[in-house]
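Summary of structural features
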Amino acid sequence: MRKLTADYVFPVVGTPVKEGVVVVDDQGFIQSIDAREAHDPVTLEVHRGVIVPGFINTHCHLELSHMKGRVDTGTGLLPFLQQVVKFRDIPMEEILDAIDRADKEMCEEGIVAVGDISNKTDTAACKAESPIRYYTFVEMFDFLQDSMAGQTFENYKEVYDGQAAGNGNKKAAVPHAPYTVSPTLFEKINALNPDTNSTVSIHNQETVHENQFFLSKEGGFVDFYNAFGFSVEQLKPTGRPSIYYAMQHMNPACRTLFVHNTMTTAADIQAAQEWSDNVYWATCANANLYIENRLPNYKAFMDNGARMTIGTDSLTSNWQLSVLEEMKTIAKYQSYVPFETLLQWATLNGAEALGYEAELGSIEPGKAPGLNLLSIDESLKLEASTQVQRLV
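Residues numbered from 1 in each chain as written. Predicted model: local features only at pLDDT ≥ 70, side-chain atom pairs only at ≥ 80, totals over all residues. Heavy atoms only, no water.

For the protein chain, the name recorded in an unreviewed UniProt entry is S-adenosylhomocysteine deaminase, with Phaeodactylibacter xiamenensis as its organism.

**A closer look at helix α12 (residues 323-333)**
What counts, and what does not: Whether a residue is buried, partly exposed or exposed follows from its accessible area with a 1.4 Å probe, protein chains only, as a fraction of its type maximum: under 20%, in between, or over 50%, in that order. Strands are runs of DSSP state E lasting at least two residues, helices are runs of H or I lasting at least four, and both sets are numbered from the N terminus onward.
For α12, the buried fraction is high: 8 of the 11 residues fall into the buried class. Among the residues making up α12, those that are buried are Val 323, Leu 324, Glu 326, Met 327, Lys 328, Thr 329, Ile 330 and Ala 331.

**A closer look at the pairing of strand β14 (residues 279-283)**
Under the convention used in this document: Handedness of a crossover: with both strands directed away from the viewer, a clockwise path from the first strand across the helix to the second marks it as right-handed. At least two bridges found by DSSP between two strands is the condition for calling them paired.
In terms of burial, β14 is a largely internal element, 5 of the 5 residues being buried. The parallel pair strand β13 (residues 255-260) and β14 is bridged by helix α9 (residues 266-275), and the resulting crossover is right-handed. Summarising the sheet, β14 and strand β15 (residues 308-310) pair through 3 bridges and their orientation is parallel. Its bridge partner being in β15, Thr 283 is matched across the sheet by Ile 310.

**Some details on the packing of aromatic side chains**
Think of a pair of aromatic rings as described by two things: how far the centres are apart, and how the planes are tilted against each other in angle. For the record, the criterion: Aromatic rings from Phe, Tyr and Trp, taking only the six-membered ring of Trp, are treated as a pair when their centres fall within 6.5 Å; an angle between ring planes under 30 degrees marks them as stacked, one over 60 as edge-to-face, and anything in between as tilted. Lysine and arginine charges are scored as sitting over a ring when NZ or CZ, respectively, is within 6 Å of the ring centre and within 35 degrees of the ring normal.
Taken as a whole and judged by the stated rule, the model has 22 aromatic pairs. Relative to Phe 221, the ring of Phe 213 has its centre 5.7 Å away and its plane inclined at 40 degrees; by these criteria the two rings are tilted. Relative accessible area serves as the criterion here: at 0%, Phe 221 is assigned to the buried category. A cation over an aromatic ring shows up here: Lys 170 above the ring of Tyr 356, its NZ or CZ 4.5 Å from the ring centre. The ring of Phe 153 is capped by Lys 188, whose NZ or CZ atom sits 5.9 Å from the centre of that ring.

**A few points about the sheet that holds strand β11 (residues 170-175)**
Paired through backbone hydrogen bonds, the strands of a sheet run either parallel or antiparallel to each other. As a reminder, the rule being used: Helix axes are fitted to C-alpha atoms over the stretch in contact, other axes to C-alpha atoms as well, and angles between N-to-C directions run from 0 to 180 degrees. The criterion used for residue contact is that any of the two residues' heavy atoms lie within 4.5 Å.
Taken in spatial order, the 4 strands of this open sheet run β8-β9-β10-β11, and their pairing is parallel. Strands at the two margins of the open sheet, each flanked by one partner only, are β8 (55-60) and β11. Going from strand to strand, the sheet's axes swing by 15 degrees on average, the running direction of each strand aside. Pairing of β8 with strand β9 (residues 111-118), which is carried by 4 bridges, proceeds in the parallel orientation. Looking at β9, one finds that Asn 57 is bridged to Val 114. Each of β10 (133-140) and β11 touches helix α5 (residues 183-192); the most contacted strand, β11, lies at about 165 degrees to it.

**Concerning the packing of helix α1 (residues 77-86) against helix α7 (residues 220-227)**
Quick reminder of the rule: Angles are sorted into four bins: roughly parallel if under 35 degrees, roughly antiparallel if over 145, roughly perpendicular if 65 to 115, and oblique for all others. Handedness of each helix crossing follows the sense of rotation of the near helix against the far helix: counterclockwise by less than a right angle gives left-handed, clockwise gives right-handed.
Relative orientation of the contacting elements α1 and α7 amounts to 20 degrees, with a least axis distance of 10 Å. One element, α1, and the other, α7, form an angle in the roughly parallel class. By crossing handedness, the relation of α1 to α7 is classed as right-handed. Residues Leu 78, Leu 81 and Gln 82 of α1 lie in contact with α7, whose contacting residues are Gly 220, Phe 221 and Phe 224.

**Things to note about the nonpolar core**
Defined as follows: Side-chain atoms within 4.5 Å link the members of a nonpolar core, which is a set of buried Ala, Val, Leu, Ile, Met, Phe, Trp, Tyr and Cys residues. Domain boundaries shown here were taken from an automatic or database domain assignment.
Judged by nonpolar contacts, the single largest core of 107 residues is most densely connected at Phe 55, Phe 213, Trp 281 and Phe 339. Among the domains, domain 1 (1-53 + 362-391) and domain 2 (55-360) are the pair contributing at least three residues each to this core. Formed by 11 residues, the second largest nonpolar core is a distinct cluster that contains Ala 6, Val 24, Ile 363 and Leu 391.

**Structural notes on the side chain of Asp 142**
This is how it is decided: Just so you know, the count uses Lys and Arg for positive and Asp and Glu for negative, and it drops His and the chain ends. What counts as a salt bridge is simple: a side-chain nitrogen of Lys or Arg found within 4 Å of a carboxyl oxygen of Asp or Glu.
Looking at the secondary structure, you find Asp 142 in the loop between β10 and α4 (149-161). In this structure, Asp 142 is buried with no salt-bridge partner, the nearest side chain bearing the opposite charge being Lys 188 at 9.5 Å. Setting aside residues up to four positions removed in sequence, Asp 142 forms contacts with Met 148, Ala 149, Thr 152, Thr 180, Val 181, Ser 182 and Leu 185.

**A word on the environment of Thr 238**
Within the secondary structure layout, Thr 238 lies in the loop between α7 and α8 (242-249). By relative accessible area, which is 42% here, Thr 238 ends up partly exposed. With 23 residues separating them in the primary sequence, Thr 238 and Leu 215 have C-alpha atoms 5.5 Å apart. Other than its neighbours up to four places away in sequence, Thr 238 contacts Phe 214 and Leu 215.

**Some remarks on α1**
The complete set of buried residues in α1 reads Leu 77, Leu 78, Phe 80, Leu 81 and Gln 83. Close packing links the buried residues of α1 with α6 (208-216), α7 and α10 (285-292).

Right, here's the structure in full:
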């Protein structure tokens with residue numbers, strides 16, 4: 001047994017405990033949360049700061065870790081995507097080494113579970129050995145070409161089959177984004193995820209061009225598709241933002257994780273939460289700044305009771321893979337979001353979004369959530385200097 005104590009313990013599901021003691025067994029399972037005076041002082045591991053559950057990173061692209069520093073910042077999504085496509089023929093040894101290093105970085109940053117996008121099987125071996133739990137989202141796209149849906153699905157089905165599940169890891173087939181998935185491919189993805197306990201993620205409303213594409217078939221995506229030789233004749237303007245196309249074709253019975261949501265409005269949030277009571281939202285603040293130099297309107301999500309989660313995106317579009325750094329960025333630029341709210345986004349909400357809430361996300365007896373120590377005082381203000389130390 002270990003008895004860990006700090007200035008505060010934040011269980012997430014209850015009131016913070018001043019000078020609380022978390023008793024944890026050798027397997028990491030929480031036995032109790034007590035007051036400090038209930039224990040012999042010589043048996044305690046005493047820390048300065050606050051103890052919180054392990055972090056959940058709901059959106060990452062681990063297989064792109066070798067792209068760190070290779071793509072320009074501040075270009076906007078469409079030039080960003082064009083730059084990413086240009087990087088080919090990277091030696092596999094370099095790719096696998098970067099994957100392993102990124103996995104270790106996340107572990108050191110107190111991350112205990114990750115929702116990870118995969119287009120290949122490059123990360124499968126790392127995930128099988130990692131102490132982190134991975135929910136692998138095998139991402140499919142056919143550039144809105146119904147005629148390509150069948151072959152595209154078969155190609156990605158091989159990737160899906162090559163992803164290990166079990167031992168805490170899970171997998172699902174997912175659509176890339178509204179602007180890249182045809183109705184036929186949506187149908188095939190839905191058929192591969194018949195279990196309504198599945199989580200399905202989708203990139204959503206990351207740029208103004210995405211909404212323009214569906215509202216009026218205008219904007220940068222028209223030129224983007226033309227540049228790659230794909231016709232957009234089959235797309236009919238809907239007069240509504242892109243998220244409505246996604247909802248039209250996705251299964252509302254599954255947990256749905258909308259990712260980025262930079263341009264998502266209060267009306268969009270309300271519509272999605274009326275469509276399904278299994279909706280979660282992932283924000284990747286540093287990636288949004290890296291690519292588009294903008295952040296979502298978090299107040300709209302908070303005002304509408306949205307279940308927000310935190311992701312890092314990939315090292316292609318971020319400087320590090322740290323949930324704490326995402327929290328610090330939100331606290332810096334939208335300081336009306338309280339620490340306690342950010343902590344729930346980073347822990348319990350993320351665990352629920354990935355279906356890991358029975359064991360992760362909060363400090364409760366019977367759970368093994370991992371324990372992190374944050375170097376903040378009772379003001380609960382996240383600073384640039386705030387650090388995380390993984391205790392369990």
